[in-house]
Every structure is written in C-alpha cells, then in structure tokens.
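The residues making up each chain are set out below.
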Amino acid sequence: MAKTSNLREFQEAILLRLKEATAKGSAVSTSRLGVTVGQKKILINLSEVSEVLPVPPIQAVPLTQSWFLGVANVRGNLYSITDLAQFMGMSPTPKSANNRIVLINSETTTQAALVIGSLVGLRSVEAMKERPAAESNGEFFSNQSYEDADNNEWFELDVEALVQDKAFIQPTVV
C-alpha cells in the first residue's frame with residue numbers, strides 16, 4: 001500500500017508542478033514532461049499538455065486505424081485517444097498500470113489525448129546536453145535531442161506537427 005501511496009503522491013506532485021508551470025504561461029520554461037513511448041524517452045513541452053491521467057475506459061470506434069484506440073469521456077468531454085507508439089510505427093503500447101493519457105493542449109486541435117507507456121516526470125533541458133537529432137528521428141520530433149546525466153537520449157515531441165498530420169486528424173480506414 002505504501003508504493004501506491006508514494007506513486008499517487010509522485011503523480012500529484014508532478015501534476016501540481018505542471019499546472020503551476022502552465023499558469024505562468026508567458027515565461028519560457030525549460031521543464032518538459034518526460035514520458036516513455038515504446039523504447040523512446042520523450043519530452044513534451046509543458047505548454048502543450050493540459051493534463052496527465054490514468055487511462056480511462058475507452059470506447060472503440062469501428063473502421064479506424066489500429067493506433068486510434070477510440071474515444072473516452074474525461075469529465076464530460078469526449079477525447080480521441082491515440083496510441084502514440086503505434087501511430088509512430090512502433091509496437092502497440094503494452095497495457096499496464098503505468099500507462100497514462102496525456103491530454104494535448106494545442107491551438108490546432110481540441111479533445112485529443114495520447115496513450116504513453118509511462119510517466120517519467122519533469123525534466124529540465126538545461127540540465128541535459130543538447131545534441132543534433134539523427135536523421136531517422138522522425139517528423140514528429142524537434143531537430144535536436146538531449147542526453148541526460150545517465151546517458152539516456154531524450155527526444156522532444158513536436159505536438160503541433162503531430163496534430164497537423166493528415167493521418168492523425170483523420171484516423172479512418174481508407
């Protein structure tokens with residue numbers, strides 16, 4: 001029971017810091033939300049995240065791509081739920097208690113959420129070494145990657161590029 005309590009406290013502390021950082025708005029933050037997607041460690045700009053939640057019950061939608069998991073009711077609002085790993089060509093995210101949905105805060109789209117493997121926590125890009133991104137980094141990542149003190153490579157997700165992608169916007173099977 002102590003582990004559950006500690007995990008809950010950890011998540012609540014991250015969400016509180018996330019809300020504080022978002023409230024500051026105009027200040028440029030070097031903090032990013034660290035998540036795992038497949039085997040990749042990914043950073044998401046805090047201004048592009050409205051909330052991180054455990055995965056709610058998802059209602060499947062017929063005739064859609066396999067990466068489009070369906071829709072979920074989050075406090076009375078329907079969100080389209082995408083398995084980010086599968087959308088990016090990786091294996092589907094294995095279901096586990098660590099899975100989360102990241103509610104996207106974008107000027108382009110509303111009510112979109114991404115399933116991630118797990119929440120790592122807040123990471124400061126100032127505390128990491130910036131490196132040029134590899135060519136194979138993918139179209140949904142920024143032009144640089146970061147290396148943390150433990151030599152882990154982190155990739156920064158370009159949320160606007162993701163939500164403007166034609167396949168992401170229209171997940172129906174053709």
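Before reading on, note that the structure itself is shown above.
Residues numbered from 1 in each chain as written. Predicted model: local features only at pLDDT ≥ 70, side-chain atom pairs only at ≥ 80, totals over all residues. Heavy atoms only, no water.

## Some points on the side chain of threonine 93
Checked against the element boundaries, threonine 93 lands in the loop between helix H2 (84-87) and strand E6 (100-104). Polar side-chain contacts of threonine 93 include one of 2.7 Å to the side chain of aspartate 83. Look past the residues within four positions of threonine 93 in its chain and what remains in contact with it is Asp83, Ala85, Asn99, Val115, Ile116 and Gly117. (Helix = DSSP H or I, 4+ residues; strand = E, 2+ residues; numbered from the N terminus. Polar contact = N/O pair within 3.5 Å; in protein donor to acceptor, adjacent residues only side chain to side chain. Contact = heavy atoms within 4.5 Å.)

## Side note on the pattern of salt bridges
Evaluated as defined, the whole model comprises five salt bridges. Residues glutamate 156 and arginine 32 are paired through a salt bridge, measuring 2.5 Å at the closest nitrogen-oxygen approach. Placement of the pair is glutamate 156 in strand E11 (residues 153-157) and arginine 32 in strand E1 (residues 31-37), with a sequence separation of 124 residues. Per residue, the accessibility class of glutamate 156 equals that of arginine 32, and both read buried. One salt bridge connects glutamate 153 with arginine 131, and the closest N-O pair in it is separated by 2.7 Å. With a gap of 22 residues between them, glutamate 153 in strand E11 and arginine 131 in strand E9 (residues 129-132) connect regions that are remote in the sequence. The structure contains a network of salt bridges with shared partners spanning Lys129, Arg131, Glu147 and Glu153. (Salt bridge = Lys/Arg side-chain N within 4 Å of Asp/Glu carboxyl O. Buried < 20%, exposed > 50% of the residue type's maximum accessible area, 1.4 Å probe, protein only.)

## Comments concerning the sheet that holds strand E7 (residues 112-116)
Ordered in space as E3-E6-E7-E5-E4, the five strands form an open sheet in which the pairing is mixed. A single partner strand is all that each edge strand has here, and the edge strands are strand E3 (49-54) and strand E4 (68-74). Taken pair by pair, the neighbouring strands of this sheet meet at an average axis angle of 30°, ignoring direction. Relative to E6, E3 is paired through five bridges, and the arrangement is antiparallel. When the bridges of E6 are listed, valine 52 appears paired with valine 102. (Pairing = 2+ DSSP bridges. Axes fitted to C-alpha atoms, helices over the stretch in contact; angles between N-to-C directions.)

## Concerning the layout of surface pockets
Empty space within the largest pocket amounts to approximately 230 Å³. Partitioning the lining of the largest pocket into residue classes produces five nonpolar, four polar and two charged. (1 Å grid on protein atoms, 1.4 Å probe; cavity = no way out; pocket = protein on both sides within 12 Å on 5 of 7 lines; lining within 4 Å. Points joined across faces, edges and corners; volume = space filled by probe spheres on them. Nonpolar A, V, L, I, M, F, W, Y, C, P; charged D, E, K, R; others polar.)

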